[in-house]
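# Survey of secondary and tertiary structure
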Amino acid sequence: MTRALCTLTCVSVMLAGCVAPDLGRGKAALEAGDTETAERDLAPLAELGYEDAKLALARVYARRTDPESQKQAIALYTELLKEDPAVAVPLARMLMADGGNAQTLAQAEKILDKAHKGGDPRAAIALLELYSDHPQRDTRQRSATLAAQVGKQRTPEAEVAVIKWYRRNALTDTKFAAELIKRCENAKDRLPECYVDLARHYRASGNDKEVRELAKNAQGRFSVGVLPSPVLEKLAWSLVSEDIPGTAYPDLAQPMLKTAAETSDVARVRLARLLIENPHLDPEGKPELLLLKAAERGSAEASLVLGRMYLDGKLAAADPVKALKYLEQAAAAEPAAHYHLGRIYKRGYLGKSDPVLAARYYLTAARSGYARADQALAQLFSDNRGVRPNLANAYVFASIAAEAKTPEGALMLKQIRALMKPGDLQEAERLLKQELAVRNAQMPVTASTGEPTPTASVSLKSAQSMEYTQ
């Protein structure tokens, strides 16, 4: 018997083998997480037009992850929205999650705008999340105002949304950075990711006491099961990552990474990276073995670290052939791999120097957010043997490296600027704007590493202009 036939007959008479649908039972099943039972009770009543049943059934479909159920939930919420403005926010959230394409995002924003004007506080939260994930949609520049409004709401949902927004915008305004730290200091035991934000801040601020107290607190909370292992790993790495200014804390990071490594390949790789640079932390540790196993399981970060290890001869004999193998494995997901491939070809580790090929690898790394590659490009274009100098190109990359505060970026920029004529400087500024425009249109960061996705298919005129000198 089909569900439709059972629906009709159950409503009219009770036939053998057919149980009458029950709204209360369906809602109870939904709350218990039994979506199959909930659907059997709710679907017949929804088909007969009962609004409560439609709303509950929409929630059933929304809980499922398959595309057909998601589509059914959106259809039901859209139908209900005509009479019930309370469904605006759940409908908009489903549209926001539906692939994130421009059309559905615009539809979600329109729905949330109307709900926000109607006084639904949940709409402000959802709008803030929309602009956090898709800042290009904030054409009216109102997300900061929304963040302030949402920050006044005393709900867990609002707290998560506003901290997420301040985290995403902390680098653009010192006031946002200060607000993030203020909120995270109050929320860290509710929102464990705040431990990472605080560690980065305390380390960059040179606050040794706060760093050590935070690490001790985090380990204590991990030991009682209230701080997740991935957060412990991120916290540990924030204490030693070279991307964060300030004193590194390998002594604090090592025990945390060792604990997290029991269940995480990411932690194993980062523990190996730490031990390569600080072998005294665990003389019996075997970082190369950790990395080889992780690389076999497909870890791009492990391949990157192995490539660097074999290239530089750390804890293993230098082997440029092995270095090339692992760096090429890592290149699809790790921008830094392109930088180190550039080093191989610039220095001729495989037999002959190829500065033009090196520049192409450096360019891919630089456009993917790896600032040290900009510094390398500036050096190539200014004084490298085997390439025709181009001070305008050197100025472009030195400017970007200096802005990123690489170790020698500011000094290189000063030296290059001193060699340039006024007309050349004007042309270099034009090229700089052009390059920055290209980078602003970059692909999003990868989910696994948090680093920008490489754009090897894009070529720069500056790279094409490089020529061998005779």
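Here the structure is a predicted model, which is why all the values come from computation and not from measurement.

Reading the values: rules and limits
- Think of each chain on its own: its residues are numbered from 1, step by step along the sequence as written.
- Whole-chain, interface and lining totals are the exception, using all residues; otherwise, since this is a predicted model, local features are given only for residues with pLDDT of at least 70 and side-chain atom pairs are given and counted only at 80 or more.
- Excluding hydrogens and water, the side-chain values take into account all heavy atoms of the structure.
- By the criteria applied, helices consist of DSSP H or I runs no shorter than four residues and strands consist of E runs no shorter than two, each listed in order from the N terminus.
- Each residue is assigned to one of three classes by its accessible area relative to the maximum for its type, calculated with a 1.4 Å probe on protein chains only: buried under 20%, partly exposed between the two thresholds, exposed over 50%.
- Note on definitions: a residue-residue contact is assigned when non-hydrogen atoms from the two residues lie within 4.5 Å.
- Per-residue accessibility takes into account occlusion by the displayed protein chains alone, with areas from the Shrake-Rupley method and a 1.4 Å probe.
- A score between 0 and 100, pLDDT records how confident the predictor is in each residue.
- When the centres of two rings from Phe, Tyr and Trp lie within 6.5 Å, Trp using its six-membered ring, the rings pair. Their planes under 30 degrees apart give stacked, over 60 give edge-to-face, and anything left gives tilted.
- Here, expected helix span is obtained from the residue count minus one, scaled by 1.5 Å.
- The seven residues ending at a residue and the seven starting there each receive a fitted axis; the angle between those axes is the bend at that residue.
- Only four residue types enter the tally: Lys and Arg on the positive side, Asp and Glu on the negative side, with His and both chain ends excluded.
- Salt-bridge detection follows one rule: a side-chain nitrogen of Lys or Arg within 4 Å of a carboxyl oxygen of Asp or Glu.
- Here a polar contact is taken to be a pair of N or O atoms separated by no more than 3.5 Å, where protein atoms must pair a possible hydrogen donor with a possible acceptor and residues adjacent in sequence count only if both atoms sit in side chains.
- For this analysis, a nonpolar core means a set of buried residues of the types Ala, Val, Leu, Ile, Met, Phe, Trp, Tyr and Cys, connected via side-chain atoms within 4.5 Å.
- To count toward a patch, a residue needs a relative accessible area over 30% and no salt bridge; like charges are then connected within 9 Å, while nonpolar side chains (Val, Leu, Ile, Met, Phe, Trp, Tyr) are connected within 5 Å.
- Geometry is summarised by axes, namely lines fitted to C-alpha atoms with helices restricted to the contacting stretch, and by angles between N-to-C directions that run from 0 to 180 degrees.
- Should an angle lie under 35 degrees it is considered roughly parallel, over 145 roughly antiparallel, and from 65 to 115 roughly perpendicular; all remaining angles are considered oblique.
- In this scheme, a crossing is called left-handed if the near helix is turned counterclockwise away from the far one by less than a right angle; it is called right-handed if the turn is clockwise.
- Gly counts as polar in this scheme, as do all residues outside two lists: the nonpolar Ala, Val, Leu, Ile, Met, Phe, Trp, Tyr, Cys and Pro, and the charged Asp, Glu, Lys and Arg.

## A word on the overall build of the protein
From N to C terminus, the protein includes 26 helices and zero strands. Per-residue burial for the protein yields a buried fraction of 46% across its 470 residues. For the protein, the proportion of contacts with a sequence separation of at least 24, taken over those separated by at least 6, is 50%. As displayed, the protein offers around 24700 Å² of accessible surface, 53% of which is attributable to carbon and sulfur atoms.

## Digging into the confidence of the model for the protein
Low-pLDDT stretches of the model should not have their predicted coordinates read in fine detail. Overall, the predicted model of the protein reaches an average pLDDT of 87, with 89% of residues at or above 70. Contacts from residues 443-470, a stretch scored under 50 in pLDDT, to residues over four places away or in other chains number 62 contacts.

## A short note on the packing of aromatic side chains
Counted under the stated rule, the structure contains eight aromatic pairs. The interplanar angle of 35° and the centroid separation of 5.6 Å between the aromatic rings of Tyr 339 and Tyr 362 together place this pair among those described as tilted. Linking Tyr 339 in helix α20 (residues 335-347) with Tyr 362 in helix α21 (residues 355-367), this pair joins segments that are 23 residues apart in sequence. A relative accessible area of 11% places Tyr 339 in the buried class. Classification of Tyr 362 by relative accessible area gives buried; the value is 2%. Summarising the aromatic geometry, the rings of Tyr 339 and Tyr 370 are spaced 5.2 Å apart at their centres and angled 45° between planes, so their arrangement reads as tilted. Taken together, the residues Tyr 339 in helix α20 and Tyr 370 in the loop between α21 and α22 (371-383) connect sequence positions 31 residues apart. Like Tyr 339, the residue Tyr 370 is buried in the burial classification.

## Observations concerning helix α3 (residues 35-47)
Over its 13 residues, α3 runs 17 Å from end to end, which matches the ideal 18 Å to within 8%, given 1.5 Å per residue. Where α3 bends most, at Asp 41, the angle is about 30°, and the proline Pro 44 comes one to four residues later. Of the positions making up α3, those classed as buried are Thr 35, Ala 38, Glu 39, Asp 41, Leu 42, Ala 43, Pro 44, Leu 45 and Ala 46.

## Let's talk about helix α14 (residues 229-238)
Along α14, eight of the ten residues are buried, which leaves the element largely enclosed by surrounding structure. Among the residues making up α14, those that are buried are Ser 229, Val 231, Leu 232, Glu 233, Leu 235, Ala 236, Trp 237 and Ser 238. Where α14 is buried, its residues meet α12 (194-204), α13 (208-223), α15 (250-260) and α16 (265-277).

## A short note on the side chain of Arg 203
Mapped onto the fold, Arg 203 is located in helix α12. Buried within the structure, Arg 203 lacks any salt-bridge partner; its nearest side chain of opposite charge belongs to Glu 242, at an N-O separation of 8.6 Å. Within the local environment of Arg 203, its side chain forms a polar contact with the backbone oxygen of Ser 238, the two atoms lying 3.0 Å apart. A distance of 3.3 Å separates the side chain of Arg 203 from the backbone oxygen of Ile 244, its partner in a polar contact.

## A look at the nonpolar core
The biggest cluster of nonpolar side chains holds 84 residues, and the ones touching the most others in it are Leu 57, Leu 112, Leu 128, Ile 163 and Leu 235. The greatest single-element share of this core, amounting to eight residues, is contributed by helix α8 (residues 121-133). Those residues in contact with Leu 112, other than ones at most four positions away along the chain, are Val 89, Ala 92, Met 96, Ala 123, Ala 126 and Leu 127.

## Details of a nonpolar patch on the surface
Nonpolar side chains collect at one region of the surface, where Val 321, Tyr 349 and Leu 350 lie side by side and expose about 270 Å² of accessible area between them. Structurally, Val 321 can be placed in helix α19 (residues 320-330). Accessibility expressed as a relative area gives 58% for Val 321, which makes it exposed.

## Quick look at unusual backbone geometry
Even without being glycine, Gln 141 reaches a positive phi, approximately 50°. Mapped onto the elements, Gln 141 comes out in the loop between α8 and α9 (143-150). Within the chain, Lys 405 stands out as a residue other than glycine whose phi angle is a positive 60°. Within the fold, Lys 405 resides in the loop between α23 (391-403) and α24 (409-419).

## As for the packing of helix α2 (residues 23-31) against α3
Contact geometry for α2 and α3: axes closest at 8 Å, N-to-C directions at 140°. It follows that α2 is oblique to α3 by the angle criterion. In this structure, the crossing between α2 and α3 has a hand that is left-handed. On α3, the residues that touch Leu 23, Arg 25, Gly 26, Lys 27, Ala 29 and Leu 30 of α2 are Thr 37, Ala 38, Asp 41, Leu 42 and Leu 45. When the residues that make up the contact of α2 with α3 are grouped by side-chain class, the tally is six nonpolar, two polar and three charged.

## Quick notes on the packing of helix α10 (residues 156-169) against helix α11 (residues 174-187)
Where α10 contacts α11, the two axes come as close as 8 Å, and the packing angle between them is 140°. Taken as axis vectors, α10 and α11 run oblique relative to one another. Two packed elements cross with a definite hand, and for α10 against α11 that hand is left-handed. Where α10 approaches α11, its residues Glu 159, Val 162, Ile 163, Trp 165, Tyr 166, Arg 167 and Asn 169 are matched on the opposing element by Phe 176, Glu 179, Leu 180, Arg 183, Cys 184 and Ala 187. When the residues that make up the contact of α10 with α11 are grouped by side-chain class, the tally is eight nonpolar, one polar and four charged.

## Focus on the pattern of salt bridges
According to the stated counting rule, one finds 33 salt bridges in the structure shown. Measuring nitrogen to oxygen at the nearest pair gives 2.9 Å for the salt bridge that ties Arg 183 to Glu 179. Of this pair, Arg 183 and Glu 179 both sit in helix α11, four residues apart, which is roughly one turn of that helix. According to the relative accessible area criterion, Arg 183 is partly exposed, its value standing at 21%. Across the pair Glu 242 and Arg 372 runs a salt bridge whose closest N-O atoms are separated by 3.4 Å. Separated by 130 residues along the polypeptide, Glu 242 in the loop between α14 and α15 and Arg 372 in helix α22 bring together distant segments of the chain. Residue classification places Glu 242 among the exposed positions, given a relative accessible area of 55%. Here the salt bridges share partners, and the residues they tie into one network are Glu 233, Arg 270, Arg 273 and Glu 301.

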